[in-house]
Amino acid sequence: AQSVTQPDIHITVSEGASLELRCNYSYGATPYLFWYVQSPGQGLQLLLKYFSGDTLVQGIKGFEAEFKRSQSSFNLRKPSVHWSDAAEYFCAVVPPGGYNKLIFGAGTRLAVHP
Amino acid sequence: GAVVSQHPSRVICKSGTSVKIECRSLDFQATTMFWYRQFPKQSLMLMATSNEGSKATYEQGVEKDKFLINHASLTLSTLTVTSAHPEDSSFYICSACRQGSDEQYFGPGTRLTVT
């Protein structure tokens, strides 16, 4: 079945540590790929997106993501996490021919320890 | 720019009543708006796509007579939950696309509790 999967429901890291959030998709062709962050009381904010081209994408707030076609993955990374990064992170796709309809993964909740 | 607001931010209503949620693009014109539903600790599920001046397109399994969507202007879409029941309690989120762009800008969400 076509889907987007975030294997990790909850991740805890120490402040200053590196972070990688996993995202895998299952579509016949490469979808458009997105990472969003959701903080309490705020709307989802787009961190970065991949449509085509360079497979390493730079986003806001120091985040980056790498598209790996062979692994059908689009993992989100940050070299040094700040306490303010604690939030819910969603990977999302617009499937091929999806007419701009976003399909979201289940989300990964990030906790940051001081 | 690209700010989307929702009103109210939270609402409590009694079972059987209807409640309207507004989604506004504050500083841009939105030809397309989307409505999502998010259950606690779960992901967002697309309910419907709303294009200004035309009928909304509902996703499979979403009752169009229960969730009435109106997109009467380029800056406003409304979602009316009719004859609400406790199982309709959820977090409702809208997003809007700026004219000429595919990027969705999300509102802060509306927490609906039906008692």
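It should be emphasised that the depicted structure is a prediction, and the values quoted were computed from it without experimental measurement.

Criteria and cut-off values
Residues numbered from 1 in each chain as written. Chains lettered and ligands numbered in written order. Predicted model: local features only at pLDDT ≥ 70, side-chain atom pairs only at ≥ 80, totals over all residues. Heavy atoms only, no water. Helix = DSSP H or I, 4+ residues; strand = E, 2+ residues; numbered from the N terminus. Buried < 20%, exposed > 50% of the residue type's maximum accessible area, 1.4 Å probe, protein only. Contact = heavy atoms within 4.5 Å. Lys, Arg positive; Asp, Glu negative; His and termini not counted. Charge placed at Lys NZ, Arg CZ, Asp CG, Glu CD. Pairing = 2+ DSSP bridges. Salt bridge = Lys/Arg side-chain N within 4 Å of Asp/Glu carboxyl O. Polar contact = N/O pair within 3.5 Å; in protein donor to acceptor, adjacent residues only side chain to side chain.

### Digging into the overall build of chain B
If you tally the helices and strands in chain B, you get 0 helices and 11 strands. When the backbone C-alpha atoms are referred to their principal axes, chain B occupies close to 40 × 25 × 20 Å. The burial tally for chain B puts 49% of its 115 residues in the buried class. A sequence separation of at least 24 residues applies to 55% of the contacts in chain B between residues at least 6 apart. When the 11 basic and 10 acidic side-chain charges of chain B are each reduced to a single mean position, those positions are 8 Å apart.

### Description of the pairing of strand β8 (residues 64–68) of chain A
Residues and elements named next belong to chain A. Note: strand β7 (residues 56–58) against β8, 3 bridges, orientation antiparallel. Following the sheet pairing, Q58 is matched in β8 by E64. The antiparallel pairing of β7 with β8 creates a hairpin that spans 5 residues between the two strands, and K61 there sits at a positive phi of about 60 degrees. Relative to strand β9 (residues 73–78), β8 runs antiparallel, the two sharing 5 bridges. By the bridge assignment, E66 is partnered in β9 with N75. A loop of 4 residues connects β8 with β9, the two strands running antiparallel in sequence, and S72 in this loop sits at a positive phi of about 50 degrees.

### What about the side chain of R37 of chain B?
Residue and element names in this part refer to chain B. You can see R37 is positioned in strand β4 (residues 30–38). Within the buried core, R37 has no salt-bridge partner, and the shortest N-O distance to an opposite charge, that of D88, equals 4.4 Å. A polar side-chain atom of R37 sits 3.5 Å from a polar atom in the side chain of S90. If we ignore the near neighbours within four places in the chain, the residues touching R37 are S43, L44, M45, M47, F67, E87, D88, S89, S90, F91 and Y92.

### Brief notes about the pattern of salt bridges
Any two side chains of opposite charge can pair, on the condition that their charged atoms come close. All names here are of chain A. For the structure shown, the criterion picks out 9 salt bridges over all chains. With a shortest N-O distance of 2.9 Å, R109 and E88 are connected by a salt bridge. Placement of the pair is R109 in strand β12 (residues 108–113) and E88 in strand β10 (residues 87–94), with a sequence separation of 21 residues. Among the ionic contacts, a cluster of salt bridges with common partners joins E64, E66 and R77.

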